[in-house]
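Each chain is listed here by its residues.
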Amino acid sequence: MLKDFTTALRPAIMLTLLFAALLGLAYPAAITGVAQLVAPGAANGSLVTDASGKVIGSSLIGQSFASDAYFHGRPSAAGKGYDATASSGSNFGPTSKALVDRITTDLAAAHTSAPGSNVPADLVTASASGLDPDISPEAALFQVARVAKARSVEAAKLAALVDANTAHPVLGFFGEPRVNVLALNLALDRIAPRR
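In short, a report on the structure. Remember, it's a predicted structure, so these values are computed and weren't measured experimentally. (Residues numbered from 1 in each chain as written. Predicted model: local features only at pLDDT ≥ 70, side-chain atom pairs only at ≥ 80, totals over all residues. Heavy atoms only, no water.)

## A word on the sheet that holds strand S3 (residues 134–135)
Then comes step 1: In space, the 3 strands of this open sheet follow the order S3-S5-S4, with antiparallel pairing throughout. In this open sheet, the two edge strands, each paired with only one partner strand, are S3 and strand S4 (166–167).
Then comes step 2: Contacting S3 and strand S5 (178–180), helix H7 (residues 181–191) runs over the sheet at an angle of about 60 degrees to S5. (Pairing = 2+ DSSP bridges. Helix = DSSP H or I, 4+ residues; strand = E, 2+ residues; numbered from the N terminus. Contact = heavy atoms within 4.5 Å. Axes fitted to C-alpha atoms, helices over the stretch in contact; angles between N-to-C directions.)

This is the structure we're talking about:
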């Protein structure tokens, strides 16, 4: 019986080592190599750089913009806000007092810049990952008056900027129209630099 066990053990160990090398090393290395050849920007995190080449963010991960002179993204429940190492939702249920308090505070803050307007839901609700870099065009347009006032720019010019930075659904029906907040704020700095 011991001979049968050792006879069966050797091929099992060899197959385990073979598949570990094949699927744990060779396959990931091949996929990484192909990704670097086909789409190096996406393979390296879709990093966004400024004019001097300094990395200022990623088009895939949201950032916190607090100044009135910038468009704001969705609230984040990831760590202390947009922490990529702590990606998660808050897991608060609809009856959670903490969630109701946060949304009430966010609604009050949004209403100070546009009293009497309906606040788009994505300006007061976090995404499931807490890292969503995009907002709806409606959420961006909701903020135009605040940003225009802070930058002393015509609201119509900013509305046109939002429209120019709106990504439409793929093939006209896959996904929703969206605006990448980092890209929008970079475009904003180009057309109306802060004083």
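## Points about helix H6 (residues 155–164)
Given 3.6 residues per turn, any residue in an α-helix points the same way as the ones three and four places further on.
Then comes step 1: All of the buried residues in H6 are Leu158, Leu161 and Val162. Looking straight down H6, one finds its buried side chains confined to an arc of 100 degrees; they lie on one side. Projecting away from the buried face of H6 at angles above 90 degrees are the exposed residues Ala156, Asp163 and Ala164. (Buried < 20%, exposed > 50% of the residue type's maximum accessible area, 1.4 Å probe, protein only. Arc of directions from axis to C-beta.)

## A short note on the pairing of strand S2 (residues 55–58)
Then comes step 1: Looking at chain direction, strand S1 (residues 47–49) and S2 are connected through 3 bridges and run antiparallel. Among the inter-strand pairings, Leu47 is bridged to a residue of S2, identified as Ser58.
Then comes step 2: The turn linking S1 back onto S2 is made up of 5 residues, and Gly53 within it adopts a positive phi angle of 90 degrees.

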